[in-house]
Amino acid sequence: MSPETGDIGESSIEERIDEPTMATLEGDWRPLFLAGIALAIGGILAIAFPFVTSISLSLLFGAVLVIGGLVNVAHSISQMKWTGFVSQALLGVLYTVAGIFLMANPLLGLASLTLLLVGFFLLNGIVEIFLGFKLREEPNWGWVVASGVVSLVLASLVLANFPSSALWAIGLLFGVNLLSTGISFALFAVGARDAAEKETTPPVSKPGQA
């Protein structure tokens, strides 16, 4: 291999390393765009019906507890020779009873779920802001940061009005978070598409130029 060839190979490798991460998204922007639209539509529905959404999430959380509890009980029965099977069985029964109680009285669990969801949105907001700044080389990265800020602001507002906000907060928070996240994903995907089109479109020569 000649020195010239080696230099070309090294330079091409360096160029590939220095390419922005957008190159990995050029062919995959459509799924991200469709996912963003779906999340946005779900967010609009949740905002329009916050109480129904809150009750639905409460019932869903109860069902998850019941399923998790039954799985724990079943596993403990299959492992009766294990010294900790009694504790696991009791824990499974506790999860199952709590889930059944929550499903039978979803309104009573809204306060606890509101605090749990507020904690989730606080964490989600921090993660989105961090992700947005990590993607600051990409078009429309600011929308990801904005989505994280919205999550933090809404979570703070719900905490300030707790516990009266428990009846509507879960549905509203969930809906706004879905909407802002969906919009940010869709705009980020559009930015990836536009960047890909600019890279593949040849420059238009002016009249009179060769």
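Residues numbered from 1 in each chain as written. Predicted model: local features only at pLDDT ≥ 70, side-chain atom pairs only at ≥ 80, totals over all residues. Heavy atoms only, no water.

K.L.:
Please explain the overall build of the chain as it appears in this structure.
P.N.:
The number of helices and strands found in the chain is seven helices and zero strands. The buried share among the 210 residues of the chain stands at 31%. Put simply, the chain shows about 13200 Å² of open surface, and 72% of that area lies on carbon and sulfur atoms. (Helix = DSSP H or I, 4+ residues; strand = E, 2+ residues; numbered from the N terminus. Buried < 20%, exposed > 50% of the residue type's maximum accessible area, 1.4 Å probe, protein only. Areas by Shrake-Rupley, 256 points an atom, 1.4 Å probe, with all protein chains shown as cover.)

K.L.:
What should I look at first to understand the environment of Phe33 in this one?
P.N.:
Along the polypeptide, Phe33 turns up in helix 2 (residues 29-48). Expressed as a C-alpha distance, the spacing of Phe33 and Ala192, which sit 159 residues apart in the sequence, is 10.0 Å. Each residue touching Phe33, except ones within four places of it in the same chain, is listed here: Ala186, Ala189 and Val190. (Contact = heavy atoms within 4.5 Å.)

K.L.:
Hey, could you run me through the environment of Phe174 in this one?
P.N.:
By the secondary structure assignment, Phe174 is in helix 7 (residues 166-200). Here the alpha-carbon distance between Phe174 and Val118, two residues 56 residues apart in the chain, equals 9.6 Å.

K.L.:
How should I be thinking about the side chain of Asn72 in this particular structure?
P.N.:
Note on placement: Asn72 falls in helix 3 (residues 50-78). Polar side-chain contacts of Asn72 include one of 3.0 Å to the backbone oxygen of Gly68. Apart from residues lying up to four places away in sequence, Asn72 is in contact with Gln88, Gly92 and Tyr95. (Polar contact = N/O pair within 3.5 Å; in protein donor to acceptor, adjacent residues only side chain to side chain.)

K.L.:
Help me understand a nonpolar patch on the surface in this model?
P.N.:
Nonpolar side chains collect at one region of the surface, where Ile37, Ile41, Leu45, Phe49, Phe51, Val52, Leu107, Leu167 and Trp168 lie side by side and expose about 870 Å² of accessible area between them. Mapped onto the nonpolar patch, the elements with two or more residues apiece are helix 2, helix 3 and helix 7. Here the nonpolar patch gets three residues from one element, more than from any other, and that element is helix 2. (Patch = residues over 30% accessible without salt bridge, like charges linked within 9 Å, V, L, I, M, F, W, Y side chains within 5 Å. Salt bridge = Lys/Arg side-chain N within 4 Å of Asp/Glu carboxyl O.)

K.L.:
Which parts of the structure should I look at to understand the side chain of Ser151?
P.N.:
On the secondary structure map, Ser151 appears in helix 6 (residues 141-160). According to the relative accessible area criterion, Ser151 is buried, its value standing at 3%. With sequence-adjacent residues up to four places away left out, Ser151 is seen in contact with Phe121, Asn124, Gly125, Glu128 and Asn177.

K.L.:
Just to check I follow, could you spell out helix 4 (residues 85-104) for this structure?
P.N.:
For an α-helix, 3.6 residues make a turn, and residues three or four places apart therefore share a direction. Compared with an ideal rise of 1.5 Å per residue, which puts 20 residues at 28 Å, helix 4 spans 28 Å between its outermost C-alpha atoms and is within 8% of the ideal. Of all the positions in helix 4, only Gln88, Gly92, Thr96, Gly99 and Leu102 are classed as buried. Around the axis of helix 4, the buried residues are gathered within 130° of arc, so they sit on the same side. Within helix 4, the exposed residues directed more than 90 degrees away from the buried face are Ser87, Leu90, Leu94, Val97 and Ala104. (Expected span 1.5 Å × (residues − 1). Arc of directions from axis to C-beta.)

K.L.:
How should the nonpolar core be read in this particular structure?
P.N.:
Soluble, globular proteins show a tendency: their nonpolar side chains are buried together. Among the nonpolar cores identified, the biggest contains eleven residues, and these are Ile55, Leu110, Leu113, Leu117, Val118, Phe121, Ala155, Val158, Ala169, Ile170 and Leu173. Those elements giving two or more residues to this core turn out to be helix 5 (110-134), helix 6 and helix 7. Looking at which element gives the most residues to this core, the answer is helix 5, with five residues. Setting aside residues up to four positions removed in sequence, Phe121 forms contacts with Ser151, Leu152, Ala155, Leu173, Phe174 and Asn177. (Core = buried A, V, L, I, M, F, W, Y, C linked by side-chain atoms within 4.5 Å.)

K.L.:
Any chance you could explain the packing of helix 3 against helix 4 here in plain terms?
P.N.:
Describing two packed helices takes the angle between their axes plus the distance from one axis to the other. For the pair helix 3 and helix 4, interaxial distance at closest approach is 7 Å and the crossing angle is 160°. Between helix 3 and helix 4, the angle is such that the two are roughly antiparallel. Here the hand of the crossing between helix 3 and helix 4 comes out left-handed. For the contact of helix 3 with helix 4, a count of residues per class yields 15 nonpolar, ten polar and no charged. (Axes fitted to C-alpha atoms, helices over the stretch in contact; angles between N-to-C directions. Parallel < 35°, antiparallel > 145°, perpendicular 65-115°, else oblique. Left-handed = near helix turned anticlockwise from the far one by under 90°. Nonpolar A, V, L, I, M, F, W, Y, C, P; charged D, E, K, R; others polar.)

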